[in-house]
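Results of the structural survey
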Amino acid sequence: MKNKNLIICFILVMLLPVAGEGQELASSKMQPEKHGFLFFRINRLDKESKYHGRWKVYIGERRTVIRSGRFRHGVETGKWRYYYPDGVRYMVEKYNRRDNVILVKKYHENGKKAREGSARIIRSSFKDHYYWFGDWKVYDLKGNFSHTETYKSGNLVSSTKK
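This text gives an overview of the structure that appears in the document. Note that the coordinates shown come from a computational prediction; the quantities given were computed from them, not determined experimentally. Here the residue numbers are simple positions, counted from 1 along each chain's written sequence. For this predicted model, a pLDDT threshold of at least 70 governs which residues receive local features, and a threshold of 80 or more governs which side-chain atom pairs are given and counted, while totals over whole chains, interfaces and linings are taken from all residues. Based on all heavy atoms of the structure, the side-chain values leave hydrogens and waters out of the count.

**Quick word on unusual backbone geometry**
Of note, N100 is a non-glycine position whose phi angle comes to about 60°, a positive value. By the element assignment, N100 lies in the loop between β5 (89-96) and β6 (101-107). The phi angle at S153 is positive, at roughly 50°, despite the residue not being glycine. Put simply, DSSP H or I for four residues or longer makes a helix, DSSP E for two residues or longer makes a strand, and each gets a number counted from the N terminus. Relative to the helices and strands, S153 resides in the loop between β9 (145-152) and β10 (155-161). Note on exposure labels: buried denotes an accessible area under 20% of the residue type's maximum, exposed denotes more than 50%, and partly exposed covers the range between, all computed with a 1.4 Å probe on protein chains only. For S153, a relative accessible area of 43% translates into the label partly exposed.

**Quick word on a positive patch on the surface**
Note on patches: the residues involved have over 30% relative accessible area and no salt bridge, like charges join within 9 Å, and the nonpolar side chains Val, Leu, Ile, Met, Phe, Trp and Tyr join within 5 Å. Accessible surface area values rest on a Shrake-Rupley calculation with a 1.4 Å probe, where residue burial reflects the displayed protein chains alone. A pairing counts as a salt bridge when a side-chain nitrogen of Lys or Arg comes within 4 Å of a carboxyl oxygen of Asp or Glu. By the counting rule applied here, Lys and Arg register as positive and Asp and Glu as negative, while His and the ends of each chain are not counted. Positions of charges follow a simple convention, taking NZ of Lys, CZ of Arg, CG of Asp or CD of Glu. A cluster of like positive charges, contributed by R54, K56, R70, R72, R97 and R98, occupies part of the molecular surface. Those elements that place two or more of their residues in the positive patch are β2 (51-59) and β3 (64-72). Of note, R97 is situated in the loop between β5 and β6. A relative accessible area of 61% means that R97 is categorised as exposed.

**So, the nonpolar core**
In this structure, W80, I102 and V104 are the most contacted members of the largest nonpolar core, which totals 13 residues. Of all the secondary structure elements, the ones that give two or more residues to this core are β4 (75-83), β5, β6, β7 (113-123) and β8 (128-139). In plain words, nonpolar cores are sets of buried Ala, Val, Leu, Ile, Met, Phe, Trp, Tyr and Cys residues tied together by side-chain atoms within 4.5 Å.

**Things to note about the pattern of salt bridges**
Evaluation of the coordinates by the stated rule reveals 6 salt bridges. Across the pair K50 and E48 runs a salt bridge whose closest N-O atoms are separated by 3.7 Å. Overall, the relative accessible area of 39% leaves K50 in the partly exposed class. The partner of R115 in a salt bridge is E149, and the shortest N-O contact between them spans 3.0 Å. Placement of R115 in strand β7 and of E149 in strand β9 is noted, with a sequence separation of 34 residues between them. Side by side, R115 and E149 carry an identical accessibility label, which is buried.

Okay, here's the thing in structure tokens:
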């Protein structure tokens, strides 16, 4: 009986460092990967664990940037750039804090402008709602103006040709 307890204690003592290392790895995955030096760092969190400062989101082993911009205490601010996986610009959003309007420009895979217009994001504790509104200019694959689409609360209301 005494030997059985001794063996169990020995096994637990041997497994303790392995269990501690697993917890350390799990907690390190929760933190974003930091790059840069001091306040020039990207992918930081504030004291309340909200995204803050410059951020870049990568994809794949080659670490291709697919999204970059700036957060202010968990909220996107300024200009955000999105990219196709091959690195070509996909979309640019410019956030305006004063009137909650986001100016959006989307691009075709060949780099030519596809459409531009306004969006809005309504944030709540339950979920965020991002939608297009107003007049959107639509361009063909060569970047030439094609027509105008009108959106209301994210729904297409009308489409007018040149």
